Amino acid sequence: MRVVAVDIGGTHARFAVADVVGGSVQSLDPSVTLNTAEYASFQTAWEAFAARQAGALPRAAAIAIAGPIHGEVLQLTNNPWIIRPALISEKLGVDTYTLVNDFEAVGHAVAQVSPNDLHHVCGPDVALPGEGSITIVGPGTGLGVAQLFRKDGRYHVIATEGGHVDFAPLDSIEDAVLAALRERYRRVSVERIVSGPGLSAIHEVLARLEGRDAPQRDDKALWQAALAGTDSLAAAALDRFCLSLGAIAGDFALAHGPKAVVIAGGVGLRLADHLPRSGFAERFAAKGRFEALMRSVPVRLITHPQPGLFGAAAAFAREHSQ
């Protein structure tokens, strides 16, 4: 069966046609990325994608959105579009559809991608377990957290709002980061630090600790300098970011039952080469009496180029095969 997979975020809406058979994704066509700011609505973006196709679109849709998926009117996060689920079939000209949260879609992707799309980060270099819980942590514009539970050859994706739990500093520098962010926010969640914008917050604190002015630049430029190592302060902020990501991923693994962890998200993909060489692994395992257990947990990073689209199609396949 052919289905249009859609992954709608704050800045971009991505589209691709997928083949799904028997509850799984068989293939995903090359994707088309549209800037959400250039379209008045999801419907007009859908029509723009349709205009680029050689033939008519399939009459089935798998839609992942960055925001809550419950209610009569859905408001996306960082995107002015609104979606009315009751009107999706009429507006898009589809007979069937599946609607999931964007990070829930990533959970479905983790469940169905090839092992070649899961890059080893730390812990034992083994396949993800076929039974039990797998924690998924995805730094991007925010911080997505989900749980993948496998049992008896089936799986369930459990969406969470784990990115909004309180940040717990572990040393004096993180104490300073927390204090600085408390000047701006009533409470400081982990996604204030472990997300794309979080690198800037860490960078500002490190500059303040050294008594120097940090050059003003946008998040993209700061990340480029940090990853390239062309700015020592930006590189130090990146090292600190990886430490915090390790600690937070370890906390979620403990809460879910430490079997395996997958790092996802746009920022996670940027860190594919850096993360295994950083302090991530030490902080991930540094859980006191459970350190030996944490060192036995495989941590992998999903490297599929379009996990949101793949996962949306996988969610559709699961829902409509039952």
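One can find the structure itself at the top, above this paragraph.
Treat the numbers as computed from the prediction; the structure is a model and nothing was measured.

A word on the overall build of the protein chain. The secondary structure content of the protein chain amounts to 11 helices and 14 strands. In terms of C-alpha radius of gyration, the protein chain reaches 20 Å, essentially the compact-globule figure of 20 Å for 322 residues. Seen along its three principal axes, the alpha-carbon backbone of the protein chain occupies a region of about 60 × 45 × 35 Å. Each of the 322 residues in the protein chain was classed as buried or not, and the buried ones make up 51%. Approximately 14600 Å² of the protein chain is accessible, and the part contributed by carbon and sulfur atoms is 50%. Of the side-chain charges in the protein chain, 28 are positive and 33 negative, and the distance between the mean point of each set is 2 Å.

On to the pattern of salt bridges. Tallying each qualifying case throughout the model produces 15 salt bridges. Across the pair Asp29 and Arg2 runs a salt bridge whose closest N-O atoms are separated by 3.0 Å. With Asp29 in the loop between strand E3 (24-28) and strand E4 (32-35) and Arg2 in strand E1 (residues 2-8), this residue pair connects regions lying 27 residues apart in the sequence. Looking at Arg2, the relative accessible area reads 37%, which means it is partly exposed. With its nearest N and O atoms 2.5 Å apart, the salt bridge here joins Arg187 to Asp166. With a gap of 21 residues between them, Arg187 in the loop between helix H4 (172-182) and helix H5 (198-209) and Asp166 in the loop between strand E12 (154-159) and H4 connect regions that are remote in the sequence. We classify Asp166 as exposed; its relative accessible area is 52%. Salt bridges linked by common partners bring Asp171, Glu174, Arg240 and Arg283 together as one network.

The bulk of non-glycine residues show a negative phi, and the bulk of peptide bonds are trans. Residues other than glycine seldom take positive phi values, yet Asp152 does so here, at roughly 55°. By the secondary structure assignment, Asp152 is in the loop between strand E11 (143-151) and E12.

To locate leftover empty space, one rolls a probe as large as a water molecule over the atoms. The space that makes up the second largest pocket amounts to roughly 240 Å³. What lines the second largest pocket is simply Ala40, Ser41, Phe42, Gln43, Trp81, Ile82, Ile83, Arg84, Leu87, Ile88, Lys91 and Leu92. For the lining of the second largest pocket, the elements supplying multiple residues, two or more each, are helix H1 (42-51), strand E7 (82-83) and helix H2 (88-92). Examining the composition of the lining of the second largest pocket, we find that three residues originate from one element, H2, more than from any other. The class makeup of the residues in the lining of the second largest pocket is eight nonpolar, two polar and two charged.

Reading guide: rules and limits
- Residues numbered from 1 in each chain as written.
- Predicted model: local features only at pLDDT ≥ 70, side-chain atom pairs only at ≥ 80, totals over all residues.
- Heavy atoms only, no water.
- Helix = DSSP H or I, 4+ residues; strand = E, 2+ residues; numbered from the N terminus.
- Rg over C-alpha atoms; globule rule 2.2 N^0.38 Å.
- Buried < 20%, exposed > 50% of the residue type's maximum accessible area, 1.4 Å probe, protein only.
- Areas by Shrake-Rupley, 256 points an atom, 1.4 Å probe, with all protein chains shown as cover.
- Lys, Arg positive; Asp, Glu negative; His and termini not counted.
- Charge placed at Lys NZ, Arg CZ, Asp CG, Glu CD.
- Salt bridge = Lys/Arg side-chain N within 4 Å of Asp/Glu carboxyl O.
- 1 Å grid on protein atoms, 1.4 Å probe; cavity = no way out; pocket = protein on both sides within 12 Å on 5 of 7 lines; lining within 4 Å.
- Points joined across faces, edges and corners; volume = space filled by probe spheres on them.
- Nonpolar A, V, L, I, M, F, W, Y, C, P; charged D, E, K, R; others polar.

Limitation: the analysis is restricted to geometry and does not speak to function.
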